[in-house]
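# Summary of structural features
Listed below are the residues making up each chain.
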Amino acid sequence: MPASKAGIHSENKQRIAGDERRGRGRPARLSREKILEAARAFRPEDLTVPGLAKALGVPTSSLYHHIDSREDVLLQLARESATKLEFPPADPANWKQWLRKAAFCLLDFHKEYLLSTDGKMGSAANSAAFEPFLETLEEAGFTSEQAIYITNAIAGWVLSASSAHQQLKEYGGKTGFAKAAREQIAEIDPGTAPRTYKVLPVLLAMDRDRMLSMHLDWLIDGIPVPKSKSIRNRS
């Protein structure tokens, strides 16, 4: 027997009420993996929670049933990418050249996945990097302890270089950074800090990438040659 208009209206009201309740609760078709899948289509710097919600066609609030924040999503993506980091093949005979190439490989990762304030994204990459660094250094003749110290020193340079790139971006590029630097120089009293006043314009004029590369060269060149022979060269 056909349903009455009153019955149909009542059913529609119940369905709409159910849809509204689902909108306020956890959407049945949404999951953390689906959110991450949508997030992979974004560049890290463009990723926002509202943008994810729009891409998934759901209310922004519904995402917070599955994720804590934008940083939570970025951290997961960073961990995934860190496992796929491709370092140069181990080359203990030319370990200094290898360290330089590997350091820039790690820096490229950091520049893509902007560091969160607690540094967890950087830690994800650095942990993935330990094995190839230790392999090359130990086979070059360094002890395990020395290899760890060297790896940590390179990781420190990567974090510093990544922060420098992030700072440049926050200032809106080289022009904005130069303006901010000139303002800082103007606040310095040449009478009380003559050397600082003199050197800052020189620092400002330097190419930042060249400066970072120079810092890395100094770091690597300062590592003493291991006393023991390379494992591959031992008889």
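See the structure above.
What comes next is a walk through the structure. Computed from a prediction, not measured in an experiment: that's the story for all the values here.

As a further point, take the overall build of the protein chain. When its secondary structure is counted, the protein chain shows 11 helices and 0 strands. Starting at the N terminus and ending at the C terminus, the protein chain contains elements arranged as α-α-α-α-α-α-α-α-α-α-α. For the protein chain, the proportion of its 235 residues judged to be buried stands at 35%. Excluding contacts between residues fewer than 6 apart, the proportion of contacts in the protein chain whose partners are at least 24 apart in sequence is 65%.

It is worth spelling out the pattern of salt bridges at this point. For the structure on display, the rule yields 6 salt bridges. Among the salt bridges present, the one from Asp46 reaches Arg43, with a minimum N-O distance of 2.8 Å. What makes Arg43 exposed here is its relative accessible area of 52%. Here Glu71 ties to Arg70 by a salt bridge, and the two come within 3.8 Å at their closest N and O atoms. One continuous salt-bridge network, built from bridges that share partners, spans Glu33, Arg40 and Glu80.

This part covers the packing of helix 8 (residues 144-170) against helix 11 (residues 208-221). Interhelical geometry of helix 8 versus helix 11 gives an angle of 170° and a closest axis separation of 11 Å. Judged by the angle between their axes, helix 8 and helix 11 are roughly antiparallel. From helix 8, Ala153, Ile154, Trp157, Ala161, Ala164, His165 and Gln167 reach across to helix 11, where they touch Arg208, Asp209, Leu212, His215, Leu216, Leu219 and Ile220. A class-by-class count of the residues in the contact of helix 8 with helix 11 yields 9 nonpolar, 3 polar and 2 charged.

Turning to the packing of helix 6 (residues 95-112) against helix 8, a few remarks are in order. At a minimum axis separation of 9 Å, helix 6 and helix 8 run at an interaxial angle of 45°. Regarding the angle of helix 6 to helix 8, the classification is oblique. In this structure, helix 6 crosses over helix 8, and the sense of that crossing is right-handed. From helix 6, Leu99, Ala103, Phe104, Leu106, Leu107, His110 and Lys111 reach across to helix 8, where they touch Ile150, Ile154, Trp157, Val158, Leu159, Ala161, Ser162 and His165. Tallied by class, residues from the contact of helix 6 with helix 8 come to 11 nonpolar, 3 polar and 1 charged.

The next point concerns the packing of aromatic side chains. Taken as a whole and assessed by the stated rule, the structure comprises 4 aromatic pairs. With a centroid separation of 5.9 Å and 80° between ring planes, the pair formed by Phe87 and Phe133 is classed as edge-to-face. Placement of the pair is Phe87 in the loop between helix 5 (70-82) and helix 6 and Phe133 in helix 7 (residues 120-139), with a sequence separation of 46 residues. Each member of the pair, Phe87 together with Phe133, is buried. Look at Trp95 and Phe142: their rings are 5.0 Å apart centre to centre, the planes differ by 85°, and that puts the pair in the edge-to-face class. Of this pair, Trp95 sits in helix 6 while Phe142 is found in the loop between helix 7 and helix 8, placing the two residues 47 residues apart along the sequence. Here Trp95 and Phe142 have matching classes, each one buried. An aromatic cluster of at least three residues, connected via ring pairs, comprises Phe87, Trp98 and Phe133.

Relative to the helices and strands, Thr151 is located in helix 8. With a relative accessible area of 3%, Thr151 lands in the buried category. Residues in contact with Thr151, not counting those within four places in the same chain, are Phe130, Phe133, Leu134 and Leu137.

What follows is about the environment of Ala93. Mapped onto the secondary structure, Ala93 falls in the loop between helix 5 and helix 6. Placed 47 residues apart in sequence, Ala93 and Ala140 show a C-alpha to C-alpha distance of 6.3 Å.

Cut-offs and rules
- Residues numbered from 1 in each chain as written.
- Predicted model: local features only at pLDDT ≥ 70, side-chain atom pairs only at ≥ 80, totals over all residues.
- Heavy atoms only, no water.
- Helix = DSSP H or I, 4+ residues; strand = E, 2+ residues; numbered from the N terminus.
- Buried < 20%, exposed > 50% of the residue type's maximum accessible area, 1.4 Å probe, protein only.
- Contact = heavy atoms within 4.5 Å.
- Salt bridge = Lys/Arg side-chain N within 4 Å of Asp/Glu carboxyl O.
- Axes fitted to C-alpha atoms, helices over the stretch in contact; angles between N-to-C directions.
- Parallel < 35°, antiparallel > 145°, perpendicular 65-115°, else oblique.
- Nonpolar A, V, L, I, M, F, W, Y, C, P; charged D, E, K, R; others polar.
- Left-handed = near helix turned anticlockwise from the far one by under 90°.
- Phe/Tyr/Trp six-rings, centres within 6.5 Å; stacked < 30°, edge-to-face > 60°.

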